[in-house]
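Each chain, written out:
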Amino acid sequence: MSMQPTIPELVAKLAASEGTARLRPAGRLITAMVERPNAAATLVEALNGRDLPRPPLVIGFTGAPGAGKSTLVDAVTARLLERRPDLRIAILAVDPTSPFTGGAVLGDRVRMMRLALEERVFIRSLATRGQLGGVCEALPGVLAVATLWGADVALVETVGVGQSEIDIARHADMSCIVMAPGLGDGVQWLKAGLMEVGDAFLVNKCDRDGATTLHSQLLSAVESRQHAPRRRLRPAPVGMVLPQVPPVLSVSAELGQGLDDLLDILPLPAAAHH
Ligand SMILES: Nc1nc2c(ncn2[C@@H]2O[C@H](COP(=O)(O)OP(=O)(O)OP(=O)(O)O)[C@@H](O)[C@H]2O)c(=O)[nH]1
Ligand SMILES: [Mg+2]
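Residues numbered from 1 in each chain as written. Chains lettered and ligands numbered in written order. Predicted model: local features only at pLDDT ≥ 70, side-chain atom pairs only at ≥ 80, totals over all residues. Heavy atoms only, no water.

## Topic: the coordination of the magnesium ion (ligand 2)
Reference values for angles at a metal are 109.5 degrees in the four-donor tetrahedral case and 90 or 180 degrees in the six-donor octahedral case. In plain terms, the rule: Counted as donors are N, O and S atoms no farther than 2.8 Å from the metal, or 3.2 Å for Na, K and Ca; water is not among the atoms, and sites may therefore look incomplete. Strands here mean DSSP runs of E at least two residues long; helices mean DSSP runs of H or I at least four residues long; both are numbered from the N terminus. We call a residue buried when its accessible area falls under 20% of the maximum for its residue type, exposed when it is over 50%, and partly exposed in between, using a 1.4 Å probe and counting protein chains only.
Here the magnesium ion (ligand 2) is held by Ser70 (OG) and Glu157 (OE), and the distances to it run 2.1 to 2.2 Å. Of this pair, Ser70 sits in helix H4 (residues 69–83) while Glu157 sits in strand E4 (residues 153–159), and the two are 87 residues apart along the sequence. Pair check on accessibility: Ser70 and Glu157 agree, each one buried.

If you want it as structure tokens, here you go:
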């Protein structure tokens, strides 16, 4: 016998809550989106006739295990909160629970605890138990919940090693491919399909040896890329410029270097949605 609140009940709870009290119903709705069958359709029905906020700008951070995606999302969020006090940010981390990442989930949690105390930030990891296809299917519903919570920007972290993860990248308005020196096989790895979904390429850990070389390798790979138009599941955000050659930026999430340049290329909403 399940005593779980229904999706319409959770929607009502979220609508009636304020501040940090909104995190719990939003979190439970996301769990429902990932775990319950037909949850997205039920949500759409529950929202019928309601005035909905505009959906957030969705920025994907996809890259090799250990490239520093979580550290970067954390750093970008902190910088964004400073620069744009009006914005609310949802952080959605897709945990593949794979042999690649071992204890990284806990690491992420510890690191993000600081942000979790912030009323303008909603953090969720979406466990996949190896079923990335499922999370991929659930993502539109999850993003709808982020919209309801009031997110202006959603930062989605995924490990980019397989087709499903590349598919997740396609749900983003903008996909940042994160690389770092010292992970082996740098640019070769991009040929796995990530090249075509990248709107920007980030060399993280620019404080480390090999970053300059990786940057130039990436730059020539990007410049010689047959520029295939992105397949979009969502309309491009207003004012988003998609340059013929996507930018390559060197950053250090750890030292906070290059973050302002990165923020400058994000097509952030001119004003908060709420
Ligand atoms: N030197 C240096 N280390 C960094 C930087 N960014 C992240 N790291 C370190 O790289 C390691 C991996 O960072 P994470 O942020 O967990 O990487 P990730 O890509 O999220 O890893 P997974 O989620 O496991 O794929 C950690 O030890 C970080 O402290 C950076 O800019 N410079
Ligand atoms: Mg991570």
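## Side note on the packing of helix H2 (residues 23–35) against helix H3 (residues 39–47)
Packed helices, taken two at a time, are described by the angle between their axes plus the distance between the axes. Which entries qualify depends on this criterion: Each axis is a line fitted through C-alpha atoms, taken for helices only over the stretch in contact, and angles between the N-to-C directions span 0 to 180 degrees. Here the word oblique covers every angle except those under 35 degrees (roughly parallel), over 145 (roughly antiparallel) and from 65 to 115 (roughly perpendicular). Contacts are assigned to residue pairs that have any heavy atoms within 4.5 Å of one another.
Interhelical geometry of H2 versus H3 gives an angle of 135° and a closest axis separation of 7 Å. As far as their axial angle goes, H3 and H2 are oblique. Of the residues in H3, those touching H2 at Leu29, Ala32 and Met33 are Ala39, Ala40 and Leu43.

## Description of the pattern of salt bridges
Stated precisely, the cut-off is as follows: Here, a salt bridge means any Lys or Arg side-chain nitrogen found within 4 Å of an Asp or Glu carboxyl oxygen.
Evaluation of the coordinates by the stated rule reveals 4 salt bridges. Between Arg83 and Asp260 there is a salt bridge; the shortest N-O distance is 3.2 Å. A residue pair is termed long-range when its members are at least 10 positions apart, and Arg83 in helix H4 and Asp260 in helix H10 (residues 259–265) qualify at 177 residues. Residue class for Arg83 comes out partly exposed when judged on its relative accessible area of 35%. Asp264 serves as the salt-bridge partner of Arg83, at 3.0 Å between the closest nitrogen and oxygen. One end of the pair, Arg83, is in helix H4; the other, Asp264, is in helix H10, and 181 residues separate them in sequence. Salt bridges sharing common partners tie together Arg79, Arg83, Asp260 and Asp264.

## Some points on unusual backbone geometry
A positive phi angle, near 60°, is found at Asn38, a position not held by glycine. Here Asn38 lies in the loop between H2 and H3. At Lys205, a position not held by glycine, the phi torsion is positive, near 60°. Within the secondary structure, Lys205 is located in the loop between strand E6 (200–203) and helix H9 (211–223).

## So, the site of ligand 1
Short version of the rule: Residue proximity to a molecule or strand is established when one non-hydrogen atom of the residue lies within 4 Å of it. A 3.5 Å cut-off defines polar contacts: any pair of N or O atoms within that distance qualifies, except that in protein one atom must be a possible hydrogen donor and the other a possible acceptor, and neighbouring residues in sequence count only when both atoms are side-chain atoms. Per-residue and other accessible areas were derived by the Shrake-Rupley procedure at a 1.4 Å probe size, with only the shown protein chains allowed to occlude residues. The classification used treats Ala, Val, Leu, Ile, Met, Phe, Trp, Tyr, Cys and Pro as nonpolar, Asp, Glu, Lys and Arg as charged, and all other residues, Gly among them, as polar.
With respect to spatial proximity, 20 residues lie near ligand 1, and among them Lys69, Ser70, Thr71, Asp207 and Glu254 are the closest. Between an oxygen atom of ligand 1 and a main-chain N or O atom of Gly66, the distance comes to 3.1 Å. For ligand 1, an oxygen atom lies 2.9 Å from a polar atom in the side chain of Glu254. Isolated, ligand 1 exposes 650 Å² of accessible area, and the fraction of that covered by the protein chains is 81%. Elements with a minimum of two residues in the shell around ligand 1: H4, helix H5 (104–116) and E4. For the shell around ligand 1, the leading source of residues is H4, giving 3 residues. Per-class residue counts for the shell around ligand 1 are 6 nonpolar, 7 polar and 7 charged.

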